[in-house]
Amino acid sequence: MAPNMLTKAEALHYITSSLRLALNPAEQDAPSLSTLHKICQAFIAEVPYSTLAIINTPMKQRRVPTLEEIKQQGLTKQGGMCYEMNVFLHWLLLAMGYEVHLLMARSFSVDYTHPLNTVRLDGKYYMVDCGPFPCMTEHLICLDFAGDESPVILQSIWEVQLRRRLIDGVPGFAGYFRWTPNSSFPLGRHHTLPLDKDGWALFFEYAFVFRSLEEIQQMSVAIQSSYQDVTVSPVLNRIFCCRYPKGRLQLVRNTTLWQENEPRIRSIKDTKSKAELVETLVEQFGDVLDRGLIEGAVEYYVTVAKLPEDFVLH
């Protein structure tokens, strides 16, 4: 197994200075559920899930980052895609003394391209996933629920439920979501996803099989193909940059800024020009993303996207 890329000292410094989370001596030394949730919430509040670096790279030069690149992206809070985000979080939790395992999921019925984590604590397993819509903004989901369906859990803009399933003949879980009435997306926005009679849509499924980092790297062939073929993962041709300060959505998706405040009241602002889109991204994420990276991503995006009719290209 590949060694952890973070030391305990590096992890503590990162949590304190980069995630701006103060842990008392007991929290630093003894893994607990409350501290785990604090770390996860701070991570998704500070580190953006972002397509900007990948769409700022010419298509045929896009590749899965090396482990050292993942470490540097993580330490600088640049964020990235599911692979970078969840591998770095894996190292961070390992360094803090947690028993954490990697899993591999299919997302939206695409191939296995989505790494995630599970943490075992006090004899129970918890899902730890900081993908584009992380299922840990308000509550960590315990996988040891009774019966075949988990309780419905509110996670920022959506409700989430896990259901026990056989995945490729192996016990595992299917994750479903549905928009809440005051979600930061209009209901039915994912009109291409099939919904059941109660409005639930399947968004991932995974066998409960622990994967080594070496296995994840071997499976990254599928991730690599999605980086270089946007028909596999269309989001890689779009602007998608989000994080969750105080567990509430902060997202620039294509040309629109979506925000959710503490009482769950959403605001939606459409940018009207390339310059305004750049400035919106700088205002929202410029503390961690370089302006040159933002400008390059926007320049690429406006050449390939179907833009609003009134969008001005300057």
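Residues numbered from 1 in each chain as written. Predicted model: local features only at pLDDT ≥ 70, side-chain atom pairs only at ≥ 80, totals over all residues. Heavy atoms only, no water.

**Student:** Would you mind showing me how to read the overall build of the protein here?
**Tutor:** Helix and strand counts for the protein come out as nine helices and 13 strands. In terms of overall dimensions, the protein is globule-like: its C-alpha atoms have a radius of gyration of 19 Å, near the 20 Å expected for 314 residues. Each principal axis of the C-alpha distribution contributes one length, and for the protein these read about 55 × 50 × 40 Å. For the protein, buried positions account for 54% of its 314 residues. In the protein, of all internal contacts separated by at least 6 residues, the share reaching a separation of at least 24 is 61%. By element, 54% of the accessible surface of the protein is carried by carbon and sulfur atoms, the whole surface being about 13,800 Å². A distance of 3 Å separates the average location of the 30 positive side-chain charges in the protein from that of its 35 negative side-chain charges. (Helix = DSSP H or I, 4+ residues; strand = E, 2+ residues; numbered from the N terminus. Rg over C-alpha atoms; globule rule 2.2 N^0.38 Å. Buried < 20%, exposed > 50% of the residue type's maximum accessible area, 1.4 Å probe, protein only. Contact = heavy atoms within 4.5 Å. Areas by Shrake-Rupley, 256 points an atom, 1.4 Å probe, with all protein chains shown as cover. Lys, Arg positive; Asp, Glu negative; His and termini not counted. Charge placed at Lys NZ, Arg CZ, Asp CG, Glu CD.)

**Student:** Is there a simple way to explain helix α6 (residues 82-95) in this structure?
**Tutor:** Residue pairs three or four apart in sequence face the same way in an α-helix, which turns once every 3.6 residues. Here α6 spans 20 Å end to end across 14 residues, near enough to the 20 Å set by a 1.5 Å rise per residue. A large share of α6 lies buried, amounting to 13 of its 14 residues. G97 sits one or two residues past α6 and shows a positive phi near 95°. (Expected span 1.5 Å × (residues − 1).)

**Student:** Would you mind going over the sheet that holds strand β7 (residues 158-167) with me for this structure?
**Tutor:** The strands that make up a sheet pair up through hydrogen bonds in the backbone, lying either parallel or antiparallel. Pairing within the open sheet is antiparallel, and its eight strands lie in the order β5-β4-β3-β2-β9-β8-β7-β6. Strand pairing shows two members of the sheet lacking a second neighbour, β5 (141-142) and β6 (153-155), which therefore form its edges. (Pairing = 2+ DSSP bridges.)

**Student:** Just to check I follow, could you spell out the pattern of salt bridges for this structure?
**Tutor:** Side chains carrying opposite charge are able to pair once their charged atoms draw close together. Under the criterion given, the structure shown has 18 salt bridges. Between E46 and K77 there is a salt bridge, and its shortest N-O distance comes to 3.0 Å. Here E46 is found in helix α3 (residues 33-46), whereas its partner K77 is found in the loop between α5 (67-75) and α6, with 31 residues between them in sequence. Its relative accessible area of 9% is what places E46 among the buried residues. A salt bridge links R291 to E279; the shortest N-O distance between them is 2.2 Å. Within this pair, whereas R291 is found in helix α9 (residues 291-304), its partner E279 is found in helix α8 (residues 274-285), the two being separated by 12 residues in sequence. Under the relative-accessibility criterion, R291 is labelled partly exposed at 37%. (Salt bridge = Lys/Arg side-chain N within 4 Å of Asp/Glu carboxyl O.)

**Student:** What is the right way to look at the sheet that holds strand β1 (residues 49-50) in this model?
**Tutor:** In spatial order, the strands read β1-β10-β11-β12-β13; together these five strands make up an open sheet with antiparallel pairing. Across the chains shown, the open sheet's two edge strands, defined by having one partner strand only, are β1 and β13 (266-270). Relative to strand β11 (residues 250-253), strand β10 (residues 240-243) runs antiparallel, the two being bridged by four bridges. Bridge pairing links C242 to L251 in β11.

**Student:** It is not clear to me how the layout of surface pockets should be interpreted in this structure. Could you clarify?
**Tutor:** In this approach a probe as big as a water molecule rolls over the atoms, and the regions it shows empty are the leftover space. Taken as a whole, the second largest pocket spans an internal volume of roughly 300 Å³. Around the second largest pocket, the lining comprises 19 residues; the ones closest to its centre are A53, I54, P65, Q73 and E84. Elements that contribute at least two residues to the lining of the second largest pocket include exactly α4 (52-55) and α5. (1 Å grid on protein atoms, 1.4 Å probe; cavity = no way out; pocket = protein on both sides within 12 Å on 5 of 7 lines; lining within 4 Å. Points joined across faces, edges and corners; volume = space filled by probe spheres on them.)

**Student:** Any chance you could explain the pairing of strand β8 (residues 170-179) here in plain terms?
**Tutor:** Residues in a regular strand point their side chains to alternate faces of the sheet. Here β8 lies mainly inside the structure; seven of its 10 residues are buried. Hairpin geometry of β7 and β8 is characterised by an intervening segment of two residues between the two adjacent antiparallel strands and by a positive phi of about 55° at D168. Sheet analysis places β8 next to strand β9 (residues 201-207), joined by six bridges and oriented antiparallel. Pairing of G172 across the sheet is with A207, part of β9.

**Student:** I tried to follow α9 on my own but got confused; where do I start?
**Tutor:** In this model, α9 (14 residues) spans 20 Å end to end at C-alpha, consistent with the 20 Å of a helix rising 1.5 Å per residue. Of the residues making up α9, those classed as buried are L293, I294, A297, V298, Y301 and V302. Down the axis, α9 shows its buried residues gathered within 155° of arc, on one side only. Lining the buried residues of α9 we find α4 and α8. (Arc of directions from axis to C-beta.)

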